[in-house]
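# Summary of the model geometry
Chain by chain, the residues:
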2 protein chains.
Amino acid sequence: MEQLKVIKVGGKIVEENDTLNILLNDYAKVEGRKILVHGGGRSATRISAQLGIETQMIDGRRVTDAETLKVVTMVYAGLVNKTIVASLQSRGINAIGVCGADAGIILSNKRPATPIDYGYVGDVVKVDGDMLARLLEGGTYPVVAPITHDGKGNLLNTNADTIASEVAKGVAEKFDVTLIYCFEKPGVLMDENDDNSVIPLINREKFEELKASGVVSGGMLPKLQSAFKALEAGVKEVVITHASAIDKPQAGTHIVL
Amino acid sequence: MEQLKVIKVGGKIVEENDTLNILLNDYAKVEGRKILVHGGGRSATRISAQLGIETQMIDGRRVTDAETLKVVTMVYAGLVNKTIVASLQSRGINAIGVCGADAGIILSNKRPATPIDYGYVGDVVKVDGDMLARLLEGGTYPVVAPITHDGKGNLLNTNADTIASEVAKGVAEKFDVTLIYCFEKPGVLMDENDDNSVIPLINREKFEELKASGVVSGGMLPKLQSAFKALEAGVKEVVITHASAIDKPQAGTHIVL
């Protein structure tokens, strides 16, 4: 099977021109088929404030009322997505920007209002892997904004990490998929204060070991749990790496079953 | 050749829920392959005002400074485009929202700053008809927002009527294209105060006649001139009709060579 990389980049990196340009230079160098998934939360918060809309976060997740939904649709699927697409086009990458509603790529359900009412937030139900494969085989490189739809005409705000993982799973039957999460650290660290302590490989056994010894805890736990879920659903490899290393296949922490 | 309709709908209709829903119900009924081109100017003006950005128009065209470019990108390619796409998806139409940067569909040049500096406004250079055909043949229905790119990483605000006409010309080698402009009148009128005086057919000879007699003047003149340019470039037919008549092939004024 052909290889495919699904690369998730966080908000901060894509929202400042300097870091975005460096990232897209590296992204352009990544060989083979690829899908980019991006966020945009900081811009959404800033533009909400300018529009007099208060941002409410619960456990790091944005509460999305009707007005906030308009803002995130504008910012994620409009400003951030098209800025990335135009930049990639100038680098010779035939990018096509989509959100989950486009070509019906990602269907979601509005999250139940209990126990916490997050408003217009979607939980992914289904990814159309055939359609994504068709776009890829048509020579385009999808750039995915974290907005989905419910098939009933409603747009829904959806976590970008989840989108990346669901997209990776959705195309796993058709491609050998590597799912790459970029962030500000060079990988999963043995010592969180030492950037040179990257753990190069984590399998299920190693993960249990790291959990038991307390090396992996806090926010890294759900990240790794979700990585193993993606692997169980057919993704070949998950990589957690620094944003400056997306074109360096050996860098970061590689997670396999 | 297979038939294709390129339908341009104006700002007001797509910016109010009631009129948008009626329009999209009709659009869903239009048979065969189709491309929708939309505006969004009123929303852009409103959101600009909310963000404290002054809207400046010259001859009905928006002067697009750097901040205004961000707003129109958010509003046209984000809010308006994705609202339409999600609504069409709920009607069983596999819509895919794009702006000119996506898949490199529409390349433009920044308009020269003399005699009037419109800022980040693009004049269309090239439409990638092959890519549009590929999207159509892949079973999707493009919904096009009036933002283009210059291939150097810059987005540019571009007139939606022009986009519709350029898209129609760009696919005219591959399809029998009908270009449909919808607006608030039922067509080109013999008597501008009588909505029952629609001129059903205008060819070049008739056009010269209508010009000489003064029936066609003002804003309708450039519309018809641009219609004849599209016909000369291979578009089969141009229709000027009421927004409520897009699924009625016989309605409106039909313009042919």
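First, a word on scope: everything that follows refers to the structure included in this document. (Residues numbered from 1 in each chain as written. Chains lettered and ligands numbered in written order. Predicted model: local features only at pLDDT ≥ 70, side-chain atom pairs only at ≥ 80, totals over all residues.)

Bringing the overall build of chain A into the picture now. If you tally the helices and strands in chain A, you get eight helices and 14 strands. A compact globule built from 257 residues should have a C-alpha radius of gyration of about 18 Å, and chain A, at 18 Å, falls within 12% of that. Taking the principal axes of the C-alpha coordinates as reference, chain A spans close to 45 × 45 × 35 Å. Expressed as a percentage of its 257 residues, the buried residues of chain A come to 48%. At a minimum sequence separation of 6, the contacts of chain A that also span at least 24 residues come to 72%. (Helix = DSSP H or I, 4+ residues; strand = E, 2+ residues; numbered from the N terminus. Rg over C-alpha atoms; globule rule 2.2 N^0.38 Å. Buried ≥ 20, exposed ≤ 12 C-beta atoms within 10 Å, placed from the backbone. Contact = placed C-beta atoms within 7 Å.)

This paragraph deals with the interface of chain B and chain A. Interface extent is often summarised as the accessible area lost during association of the parts. Contacts between the two partners involve 33 residues from chain B, matched on the other side by 33 residues from chain A. Put simply, the parts of the chain that give the side of chain B that touches chain A at least two residues each are α4 (66-90), β5 (95-98) and β9 (147-149) of chain B. Across the side of chain B that touches chain A, the residue classes break down as 13 nonpolar, 15 polar and five charged. (Nonpolar A, V, L, I, M, F, W, Y, C, P; charged D, E, K, R; others polar.)

Residues and elements named next belong to chain B. In a regular helix each residue adds 1.5 Å, so 13 residues correspond to 18 Å; helix α8 (residues 220-232) covers 18 Å between its end C-alpha atoms and thus fits that length. Buried within α8 are the following residues: Ala227, Ala230 and Leu231. Each buried residue of α8 lies within a common arc of 100 degrees when the element is viewed along its axis, so the set occupies one face. Across from the buried face of α8, at angles greater than 90 degrees, the exposed residues are Pro222, Gln225 and Glu232. Its buried side turned inward, α8 meets α6 (160-170), β11 (176-183), β13 (237-242) and β14 (253-255). (Expected span 1.5 Å × (residues − 1). Arc of directions from axis to C-beta.)

Attention now moves to the relation of the copies chain B and chain A. In the superposition of chain B on chain A (RMSD 0.0 Å, axial shift 0.0 Å), the rotation amounts to 180 degrees. Here the transformation between the copies is reduced to the relation of a two-fold axis. Looking at chain B, 100% of its interface residues are interface residues in chain A too, so the copies touch through the same face. (Least-squares fit on C-alpha atoms with pLDDT ≥ 70 in both.)

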